[in-house]
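Observations on chain architecture
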Amino acid sequence: MSMTMRRAAALGARHILASSAASSRLTSRRHMGSVDAAAAMEKIRAAGLLRTQGLIGGKWVDAYDGKTLEVQNPATGEVLANVACMGNRETSDAISSANTTFYSWSKLTASERSKALRKWHDLLISHKEELALLMTLEQGKPMKEALGEVNYGASFIEYFAEEAKRVYGDVIPPTLADRRILVLKQPIGVVGAITPWNFPLAMITRKVGPALACGCTVVVKPSEFTPLTALAAADLALQAGIPAGALNVVMGNAPEIGDALTQSTQVRKITFTGSTAVGKKLMAGSANTVKKVSLELGGNAPCIVFDDADIEVAVKGSLAAKFRNSGQTCVCANRILVQEGIYEKFASAFVKAVQSLQVGNGLEESTSQGPLINEAAVQKVEKFVDDATSKGANIILGGKRHSLGMSFYEPTVVGNVSSEMLLFREEVFGPVAPLIPFKTEEEAIQLANDTNAGLAAYMFTKSIPRSWRVSEALEYGLVGVNEGLISTEVAPFGGVKQSGLGREGSKYGMDDYLEIKYVCMGNLS
């Protein structure tokens, strides 16, 4: 079955509303959404940012066999565009182009690369609204979040444009008087970057920014669900003066593209954001050519609310950590652990806050939660909720598909969740907040660390000593204390355990794109 057919089938019979009245509401909703979407698409076209071909060697090209795949609006099911469905051959040509360009791009001065990146940043910001519209259309997130992602994504390009000029080496005191020991940092080479659908701009810029700043060239494989934002960003990169071949984009047949990137001896690094299962496959596939691999994988973030927490701060932070992007982020609060002394009070305030979330098409100003990405995502959420209730959990709020139909799901709060439930063990990746009571600080730490994941964690407390103790005890790469939104371009982002390898963002984000070379110079007396 073709990818297009699979996606169409995924919408399935479960999208059909149960009653004629509900069907009427859906028809009305689709009509309203389609009008808005049409106006948005026209604005994107007018800006010249609707690209449907891949980018190889600075040229926009169709799939060699002419195949295409549909990009759908998850809020309405409407087809936004048909984009090139590429595979092994196109990826091989993109790798060759990146390899050829590497020799010229890496020889430019850091200042020259910095200026091109800075121009790219400026173009991203000047086209903020069109990029946000495109993101909302193909991914579903509310416009306010999409605008925030454009700013966030562009910040990585700006940051690494500056950091390009700060790739410093060392001179080490020699062991013999007639020798000098130098340490150089040099770009690793061609990078294969595989990015997810939940942040279709920021996950690209967070990888491409440091790669280009170091002097590497890149082949990007965006998600087949959200390629339009990636293609628009690549178009702006060309306009900014990033040379042909330095940034290439191929999309379509994920296994073929992934195999081409991992098996190529010209690709010296793979960087991936996505599921732990796929990350393991890429890591194994890269073994034969001994590539450098950086992986930002799944999470199972605990959010610990201690009984000395400020309730208002804890509710606001937990809400932001859980329901941003409809719960579809790898750093979402997946388990909300609440100390018994404050459990009832917190649960009441939290449920009230969740009830205020407005579900709808992301193009509508009032919307604070959009749809899930597709039918499969909804079915996963249903499976997790059903598993929890079958094992004794209770639905406090929501717990079912939204009356809007499609892939909309009600913001949900589940009580009495325990460690044997899927909601505790695995990442739900949806708008479901499990509440789990605990008694002591030691128990909270044990529950929080009882997972193979180790990406993000959150805690709320007024105690400074406790914040230090618990932050140090949590087995996670990121910890937010009295804060639910912690991602920033100036801090290192990445996990421990099976949540990944390496760090993105900050000065540490440059390291994964550099090789260290030791030069010993003798006979200098």
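Being a predicted model, the structure only gives us computed values, none of them experimental.

Across the sheet, 7 strands lie side by side as 14-15-16-13-12-17-18; this open sheet has mixed pairing. With partners counted over all chains shown, the strands left at the sheet margins are strand 14 (394-397) and strand 18 (478-481), one partner each. Between one strand axis and the next, the sheet turns by 25° as a mean value, whatever way the strands run. Across 3 bridges, the pairing between strand 15 (residues 412-415) and strand 16 (residues 432-438) is parallel. Following the sheet pairing, V414 is matched in strand 16 by P434.

Right, let's talk about the packing of aromatic side chains for a bit. All told, the structure shown has 7 aromatic pairs when counted by the stated rule. When the centroid spacing of 5.2 Å and the interplanar angle of 90° are considered together, the rings of Y159 and F160 count as edge-to-face. With relative accessibility at 0%, the residue F160 sits in the buried group. Ring centres of F323 and F350 lie 6.3 Å apart, and the angle between their planes is 35°; on these two criteria the pair is classed as tilted. Placement of F323 in helix 11 (residues 311-323) and of F350 in helix 12 (residues 343-355) is noted, with a sequence separation of 27 residues between them. Note on accessibility: F323 and F350 belong to one class, buried. Ring-pair connections join several aromatic residues into one group, and the members of that group are F323, F346 and F350.

This brings us to the UniProt feature "domain: Aldehyde dehydrogenase" (unreviewed entry) in the chain. When the UniProt feature table is mapped to this numbering, "domain: Aldehyde dehydrogenase" (unreviewed entry) covers residues 60-519. A helix fraction of 39% and a strand fraction of 20% characterise residues 60-519, whose end C-alpha atoms lie 42 Å from each other.

Turning our eyes to something else, we now look at the pairing of strand 16. With respect to burial, strand 16 is a largely interior element, 6 of its 7 residues being buried. Sheet topology note: the strand 13 (residues 333-339)/strand 16 ladder contains 4 bridges and is parallel. Bridge pairing in strand 16 places V338 opposite P437.

Predicted confidence across the chain gives a mean pLDDT of 93, with 93% of residues reaching 70 or more. A low-confidence stretch, residues 1-35 (pLDDT under 50), is modelled with 46 contacts involving residues beyond four sequence positions or located in other chains.

Mapped onto this numbering, the UniProt entry annotates "active site" (unreviewed entry) at E296. Along the polypeptide, E296 turns up in strand 11 (residues 292-296). If sequence neighbours within four positions are ignored, E296 has contacts with M203, R206, F272, T273, G274, C330, L455, F493 and S499. Among the polar contacts listed, one links the side chain of E296 to the side chain of R206, at a separation of 3.0 Å.

A word on the environment of M41. Here M41 shows up in helix 2 (residues 20-46). Excluding anything up to four places from it in sequence, M41 contacts L50, L80 and L137.

Turning our attention to the environment of A320. Among the structural elements, A320 can be located in helix 11. Considering only alpha carbons, one finds A320 and G484, 164 residues apart in sequence, at a separation of 5.6 Å.

Attention now moves to the sheet that holds strand 5 (residues 170-172). The strand order across the open sheet formed by 3 strands is 5-6-20, and the pairing between neighbours is antiparallel. Each edge of the open sheet carries a strand with a single partner, namely strand 5 and strand 20 (514-521). Averaged over all pairs of adjacent strands, the angle between their axes in this sheet comes to 25°, without regard to strand direction.

Mapped onto the secondary structure, T329 falls in the loop between helix 11 and strand 13. Within the structure, the side chain of T329 is placed 3.0 Å from the backbone nitrogen of C332, a separation counted as a polar contact. Ignoring any residue separated from it by four or fewer positions in sequence, one finds T329 in contact with N198, F199, R324, E427 and F429.

Following the criterion strictly, the structure yields 19 salt bridges and no others. The shortest N-O distance in the salt bridge between K141 and E149 comes to 2.5 Å. A residue is classified by how much of its surface remains accessible, and K141, at 2% relative accessible area, is buried. According to the relative accessible area criterion, E149 is buried, its value standing at 2%.

What follows concerns unusual backbone geometry. With a phi angle near 55°, N325 is a residue other than glycine that sits in the positive phi range. If you trace the backbone, N325 turns up in the loop between helix 11 and strand 13. One non-glycine residue, N523, lies in the positive phi region at around 55°. Within the secondary structure, N523 is located in the segment after strand 20.

Most of strand 12 (residues 301-305) sits inside the fold, with 5 of its 5 residues counted as buried. Neither face of strand 12 is left uncovered, since the one carrying A301, C303 and V305 and the one carrying P302 and I304 both have all their residues buried. Judged from the 5 bridges that link them, strand 12 and strand 13 form a sheet pairing that is parallel. Paired with A301 across the bridge in strand 13 is A333. Where strand 12 and strand 17 (residues 456-460) come together, 3 bridges link them in parallel fashion. The residue bridging I304 from the neighbouring strand is M459, located in strand 17.

Reading guide: rules and limits
Residues numbered from 1 in each chain as written. Predicted model: local features only at pLDDT ≥ 70, side-chain atom pairs only at ≥ 80, totals over all residues. Heavy atoms only, no water. Pairing = 2+ DSSP bridges. Helix = DSSP H or I, 4+ residues; strand = E, 2+ residues; numbered from the N terminus. Axes fitted to C-alpha atoms, helices over the stretch in contact; angles between N-to-C directions. Phe/Tyr/Trp six-rings, centres within 6.5 Å; stacked < 30°, edge-to-face > 60°. Buried < 20%, exposed > 50% of the residue type's maximum accessible area, 1.4 Å probe, protein only. UniProt positions renumbered as here; feature names shortened; annotations may be inferred. pLDDT = per-residue confidence, 0-100. Contact = heavy atoms within 4.5 Å. Polar contact = N/O pair within 3.5 Å; in protein donor to acceptor, adjacent residues only side chain to side chain. Salt bridge = Lys/Arg side-chain N within 4 Å of Asp/Glu carboxyl O.

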